[in-house]
Amino acid sequence: MGTITCSAAQLAQFLGANTTDPAGAAAYICDQFSAISKKFSDTTYAVDSTYLLFSAYLVFSMQLGFAMLCAGSVRAKNTMNIMLTNVLDAAAGGLFYYLFGFAFAFGGPSNGFIGRHNFALKSIPSSNFDYSYFLYQWAFAIAAAGITSGSIAERTQFIAYLIYSSFLTGFVYPVVSHWFWSADGWASASNPYLLFGSGVIDFAGSGVVHMVGGVAGLYGAWIEGPRIGRFDHSGRSVALRGHSASLVVLGTFMLWFGWYGFNPGSFTKILSPYQTGSYYGQWSAVGRTAVTTTIAGCTAALTTLFGKRILSGHWNVTDVCNGLLGGFAAITAGCSVVEPWAAIICGFVAALVLIGCNKLAEWVQFDDPLEAAQLHGGCGAWGVIFTALFATKDYVQEVYPGRPDRGYGLFMGGGGSLLAAHVIQILVIVGWVSATMGPLFFVLRKLNLLRISAEDEMAGMDLTRHGGFAYAYHDDDDANKQGLPMKKIEPAAQI
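What counts, and where the lines are drawn
Residues numbered from 1 in each chain as written. Predicted model: local features only at pLDDT ≥ 70, side-chain atom pairs only at ≥ 80, totals over all residues. Heavy atoms only, no water. Helix = DSSP H or I, 4+ residues; strand = E, 2+ residues; numbered from the N terminus. Contact = heavy atoms within 4.5 Å. Areas by Shrake-Rupley, 256 points an atom, 1.4 Å probe, with all protein chains shown as cover. Polar contact = N/O pair within 3.5 Å; in protein donor to acceptor, adjacent residues only side chain to side chain. Buried < 20%, exposed > 50% of the residue type's maximum accessible area, 1.4 Å probe, protein only. Patch = residues over 30% accessible without salt bridge, like charges linked within 9 Å, V, L, I, M, F, W, Y side chains within 5 Å. Salt bridge = Lys/Arg side-chain N within 4 Å of Asp/Glu carboxyl O. Expected span 1.5 Å × (residues − 1). Axes fitted to C-alpha atoms, helices over the stretch in contact; angles between N-to-C directions. Parallel < 35°, antiparallel > 145°, perpendicular 65-115°, else oblique. Left-handed = near helix turned anticlockwise from the far one by under 90°. Nonpolar A, V, L, I, M, F, W, Y, C, P; charged D, E, K, R; others polar.

**Let's talk about the overall build of the protein**
The helix and strand tally for the protein stands at 15 helices and zero strands. Across the protein, the fraction of contacts at a sequence separation of at least 24, relative to all contacts at a separation of at least 6, is 73%. Total accessible area on the protein stands at roughly 21200 Å², and carbon and sulfur atoms take up 65% of it.

Dropping the structure here:
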């Protein structure tokens, strides 16, 4: 919002000869205008901060969605375990992102690779960041960790969750977000020296959040190996279905609701007019972002519904929910810079990408109980490419102003510079996560800290690791453990 300016010297000329003290009167009037201007400025800060806080609350509510989705997608004997890991992602992620992650991501001034200031929120609030910005970015960081936890569900030791979650939210994810979201990042769209003249336009994180979490989950699940019974002796896929479609649907709707903080909230401000006195401003872009998010998810859900019906002969609600989330993951990069009609293309292709990735996973005997690596990794990568093809010039200039020569979507007449930058983004994310999370999971496996024993896996971790089942059907269930008492957990031997 523009600042109201007033010059006492100029105003005094218009007060007339009959004014006893024109200079004093002019100064008084200007003081009042200045006070009003400051009130408007204060109001702008308050509205924008409230908007960002509300968005942070919405993104954090996605943790409940993750928890319900994970709980419904695993077998009943592992429900308590997966719920606890979701709580752990938020708790461990909160501490490590506070101590290190936020500084690595946004602590400036810094170099193009990693932030160097604001550890433990030192010197915050400042003219650049308030506490609300930290809270919002923390919610993003734990979302990335939650994606990974789904990939390695039902067979992972508890200590491994603690280690990977802390490392991912405290170092791996923050470095990637620094590259593409910090003003100092080497590929950021806000960097004065734009990569290929365009920078990377990953508005809300199809690459930064979803690909990071998906690729990390890919390495975790691949190094651990499939769950016992997931593939038979001949290599054919055996469905180990989750125990509650109701929880899957509940979690999906919670994630859908939270995505309206994830995508539209990434503007971080709402009270920013593009033209003074116009009905059209950043609040319109926020609304458009919510619309493109909705359309992409809905299109992906319907495409998955009919696609899986053709392939399997069933109307499967779990597949539809995953398809919907795949559409959301894909549109996240370009939600603010594409037309609503383009979101239909995004969602349609995202559903096909997810179906294709799941077929490939079965063929190579890759086991991800929540399809998280395929959904977030595969659909996230498609979303990065989609943005480079369909970002419009006008919307790019509104969201990323100040560079009229900036590249935009290839199919919209913007040339190939944005596509080149986005191909680089995909490659460096895969490379960085491979170089960090891959060795971590490998070392955990070598130290016998990654996978539980075959005995515990068959009995279920709720019983062997957490003191009983998540569901008590009789009052004496906890007293009758059928000869499987709790025991001290030692590092598990490899199976």
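Still more to cover.
**Describing the environment of threonine 169**
Note on placement: threonine 169 falls in helix H5 (residues 158-181). When the C-alpha atoms of threonine 169 and alanine 92 are compared, they prove to be 8.4 Å apart, with 77 residues separating the residues in sequence. Within the structure, the side chain of threonine 169 is placed 2.7 Å from the backbone oxygen of serine 165, a separation counted as a polar contact.

**Side note on the side chain of serine 182**
Assignment of secondary structure puts serine 182 in the loop between H5 and helix H6 (206-224). Owing to a relative accessible area of 5%, serine 182 belongs among the buried residues under this scheme. When near neighbours in sequence (up to four residues on either side) are disregarded, serine 182 contacts Ala105, Phe106, Ser177 and Ser188.

**Some thoughts on a nonpolar patch on the surface**
A contiguous nonpolar surface patch, about 410 Å² in accessible area, is contributed by Leu95, Tyr98, Leu99, Phe100 and Phe119. Residue position: tyrosine 98 is located in helix H3 (residues 79-106). Look at tyrosine 98 and you get partly exposed, because its relative accessible area is 33%.

**What to know about the pattern of salt bridges**
Across all of its chains, the model carries nine salt bridges by this definition. Ionic pairing is found between arginine 155 and glutamate 224, a salt bridge with its closest N-O pair at 3.8 Å. In this pair, arginine 155 sits in the loop between helix H4 (131-151) and H5 while glutamate 224 sits in helix H6, placing the two residues 69 residues apart along the sequence. Judged by its relative accessible area of 0%, arginine 155 falls in the buried class. One continuous salt-bridge network, built from bridges that share partners, spans Arg75, Glu154, Arg227, Arg230 and Asp367.

**A few points about H6**
Given a rise of 1.5 Å per residue, 19 residues ought to cover 27 Å, and the 26 Å separating the end C-alpha atoms of H6 matches this to within 8%. Counted residue by residue, H6 has 16 buried out of 19 residues, so it is predominantly covered. Positioned one or two residues after H6, glycine 225 has a phi angle of 90°, which is positive.

**Focus: the packing of helix H7 (residues 245-262) against helix H9 (residues 317-331)**
Interhelical geometry of H7 versus H9 gives an angle of 15° and a closest axis separation of 10 Å. Comparing their axes, H9 and H7 come out roughly parallel. Regarding H7 and H9, the two cross each other, and that crossing is left-handed. Residues Ala245, Val248, Val249, Thr252, Leu255, Trp256 and Trp259 of H7 touch H9, and the partners they reach there are Val317, Thr318, Cys321, Leu324, Leu325, Phe328 and Ala329. Each residue belonging to the contact of H7 with H9 can be placed in one class, and the counts come to twelve nonpolar, two polar and no charged.

**Details of the environment of glutamate 371**
Position of glutamate 371 among the secondary structure elements: in the loop between helix H10 (340-363) and helix H11 (372-390). Spatially, the C-alpha atom of glutamate 371 lies 9.6 Å from that of glycine 217, the residues being 154 residues apart in sequence. Ignoring sequence-local partners within four residues, the contact set of glutamate 371 consists of Asp319, Asn322, Leu354 and Asn358.

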